[in-house]
Amino acid sequence: ELGAGEGDALKSGGGVSAMEKLDAFEGVKLLSRNICFGCSVERFEHTSEVLGSLPAKFHLITPPSAGGEADAAPLLIWLSGLSCTDENFVNKAMPYKAAAELGLAILVPDTSPRGAGAPHEDDAYDFGTGAGFYVDATQPEYKKHYNMYSYITDELIKVAKAAAQGRVDFDRKSICGHSMGGHGALIIALKNPDMFRSVSAFAPICNPVNCAWGKKCFGGYLGGSGDSQNESWRAYDATELMLKRDGPLYANRDIMIEQGSADNFLGEKQLLPENFARACEKVGQKLDLQFREGYNHSYFFIATFIERHLEFHAKALQK
């Protein structure tokens, strides 16, 4: 399945030979390859066992400096927000110049399973398709396919490692995301404290047990009636996870959050960064929370400040 111009991209710049090499990795198919600021921008597809044997796509961006094991690039995982696919960040955030200069690889998965046929998955943008919320569902209608937490933390990394063919150092990785993906980045880092060297987010959903988006997705995937004390919900809530800690997640490093002051979802109390800030203060976690005047929730905002976040992670990922 190739987008406009992607077939030509495969025929030039080494795309065909790369695809032929990837045929050796069972279930991993190269769909497209392009070059931007020297970075290789590749899109892959595989069959995901964790997502109920559905096809799943992801992008892998590797800098021009990435070579064999000695020159393998450290990795940043980017998680996107509600209604997004693996293409939004790749097409809109423009991370390539900074990624090339910093020698940083970026892995961009999808936001949900696709084509599960689960009830109500295509009724609205904020539940189901495009809205996996980075949890492992426990409700019968969704638990076969909606397991984005396990997909990100386990299967995706294994498949991407095969696709990278030695160009990426998967032992040095950090995580970042936007909105729902910011929520995903924060909770995954908090639940796996030894997995990532750093975490940052753009306009994350910081306290989903107390916002409409979180209540809708948690109720659908995990069950329950909206009680913020529901333990299965709190296990996927960044504010609640931080409050459970005896100390900071990173003793010598900030958590970085970028938030637009003109973000309508901030005013609608969907994001609640103030709650996360209080939780960080309580446990002694340093938090670099920046409110950016006039910026909204869009990728214009992300593109403006993405270099700052890439620099932050590149520093944390140094050998």
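Only a predicted model underlies this, so the values are computations on that prediction, with no experimental measurement involved.

Draft legend 1. Spotlight on the overall build of the protein. Across its full length, the protein holds twelve helices and nine strands. Within the span of the protein, comprising 319 residues, buried residues form 59% of the whole. For the protein, the computed accessible surface area is about 12,800 Å², with 48% contributed by carbon and sulfur atoms.

Draft legend 2. Region of interest: the side chain of Glu155. Structurally, Glu155 is set in helix α5 (residues 148-164). One buried charged residue, Glu155, remains without a salt bridge, the closest side chain of opposite sign being Lys158 at 8.6 Å. Reaching out from Glu155, the side chain makes a polar contact with the backbone nitrogen of Val50 at a distance of 3.3 Å. Those residues within four positions of Glu155 in sequence are excluded, and the remaining contacts are His46, Thr47, Ser48, Glu49, Val50, Leu51 and Ser150.

Draft legend 3. Representation of helix α6 (residues 180-191) within the structure. Taking 1.5 Å per residue as the helical rise, α6 with its twelve residues ought to reach 16 Å, and the 16 Å between its terminal C-alpha atoms agrees with that figure. Of all twelve residues making up α6, eleven are buried, and the element is well covered by its neighbours. Those residues of α6 not exposed but buried are Met180, Gly181, Gly182, His183, Gly184, Ala185, Leu186, Ile187, Ile188, Ala189 and Leu190.

Draft legend 4. A look at the pairing of strand β6 (residues 168-178). Along β6, ten of the eleven residues are buried, which leaves the element largely enclosed by surrounding structure. Here strand β4 (residues 73-79) runs beside β6; their pairing, made up of seven bridges, is parallel. Looking at the pairing, Trp78 lines up with Cys176 of β6. With four bridges connecting them, β6 and strand β7 (residues 199-202) associate as parallel partners. Along β7, the bridge assignment pairs His178 with Phe202. On the question of chirality, the crossover connecting β6 to the parallel β7 by way of α6 is right-handed.

Draft legend 5. Structural view of the layout of surface pockets. In this structure, the largest pocket spans a volume of roughly 280 Å³. Around the largest pocket, the lining is made up of 16 residues, and of these Leu82, Cys84, His178, His297 and Tyr299 lie nearest the centre. For the lining of the largest pocket, the secondary-structure elements that each account for two or more residues are α3 (88-92) and α12 (299-316). Among the elements that line the lining of the largest pocket, the one with the most residues is α12, at three residues. Considering only residue class, the lining of the largest pocket consists of eight nonpolar, seven polar and one charged.

Draft legend 6. Representation of the packing of α5 against α6 in the model. Relative orientation of the contacting elements α5 and α6 amounts to 60 degrees, with a least axis distance of 11 Å. Here the hand of the crossing between α5 and α6 comes out right-handed. Listed contacts from α6 to Tyr149, Ile152 and Thr153 of α5 are Ile187, Ile188 and Lys191. In terms of residue class, the contact of α5 with α6 is made up of four nonpolar, one polar and one charged.

Draft legend 7. α12, seen in detail. Over its 18 residues, α12 extends 24 Å from the first C-alpha to the last, a length consistent with the 26 Å expected when each residue adds 1.5 Å. For α12, the complete set of buried residues consists of Tyr299, Phe301, Ile302, Phe305, Ile306, His309, Leu310, Phe312, His313, Ala314 and Ala316. One side-chain oxygen at the N-terminal end of α12 lies 3.2 Å from the backbone nitrogen of Phe300; it belongs to Ser298.

Draft legend 8. Inspection of the nonpolar core at higher detail. Core analysis: the biggest nonpolar cluster contains 101 residues, and Trp78, Tyr221 and Phe276 have the highest contact counts within it. Of all the elements, α5 adds the most residues to this core, at ten residues. Filtering out sequence-adjacent residues up to four positions away, Trp78 remains in contact with Phe89, Ile106, Leu107, Val108, Pro109, Cys176, Gly177, His178, Phe202, Tyr299, Ile302 and Ile306.

Draft legend 9. Inspection of the sheet that holds strand β2 (residues 39-48) at higher detail. Spatially, β1-β2-β3-β5-β4-β6-β7-β8-β9 is the arrangement adopted by the nine strands of the open sheet, whose pairing is mixed. Where the open sheet ends on each side, the last strands, each with one partner, are β1 (28-36) and β9 (287-292). Averaged over neighbouring strand pairs, the angle between their axes works out to 20 degrees when direction is ignored. For β2 and strand β3 (residues 54-62), the ladder comprises nine bridges, and the chain directions are antiparallel. Across the sheet, residue Ser40 finds its bridge partner in β3, namely Thr62. Contacting β1, β2, β3, β4, β5 (105-109) and β6, α5 crosses the sheet at an angle of about 60 degrees to β3. Strands in contact with α6 are β4, β6, β7 and β8 (255-260); relative to β6, the strand with the most contacts, it is inclined by about 135 degrees.

So, how was this worked out
- Residues numbered from 1 in each chain as written.
- Predicted model: local features only at pLDDT ≥ 70, side-chain atom pairs only at ≥ 80, totals over all residues.
- Heavy atoms only, no water.
- Helix = DSSP H or I, 4+ residues; strand = E, 2+ residues; numbered from the N terminus.
- Buried < 20%, exposed > 50% of the residue type's maximum accessible area, 1.4 Å probe, protein only.
- Areas by Shrake-Rupley, 256 points an atom, 1.4 Å probe, with all protein chains shown as cover.
- Lys, Arg positive; Asp, Glu negative; His and termini not counted.
- Salt bridge = Lys/Arg side-chain N within 4 Å of Asp/Glu carboxyl O.
- Polar contact = N/O pair within 3.5 Å; in protein donor to acceptor, adjacent residues only side chain to side chain.
- Contact = heavy atoms within 4.5 Å.
- Expected span 1.5 Å × (residues − 1).
- Pairing = 2+ DSSP bridges.
- Right-handed = clockwise from strand over helix to strand, strands pointing away.
- 1 Å grid on protein atoms, 1.4 Å probe; cavity = no way out; pocket = protein on both sides within 12 Å on 5 of 7 lines; lining within 4 Å.
- Points joined across faces, edges and corners; volume = space filled by probe spheres on them.
- Nonpolar A, V, L, I, M, F, W, Y, C, P; charged D, E, K, R; others polar.
- Axes fitted to C-alpha atoms, helices over the stretch in contact; angles between N-to-C directions.
- Left-handed = near helix turned anticlockwise from the far one by under 90°.
- Core = buried A, V, L, I, M, F, W, Y, C linked by side-chain atoms within 4.5 Å.

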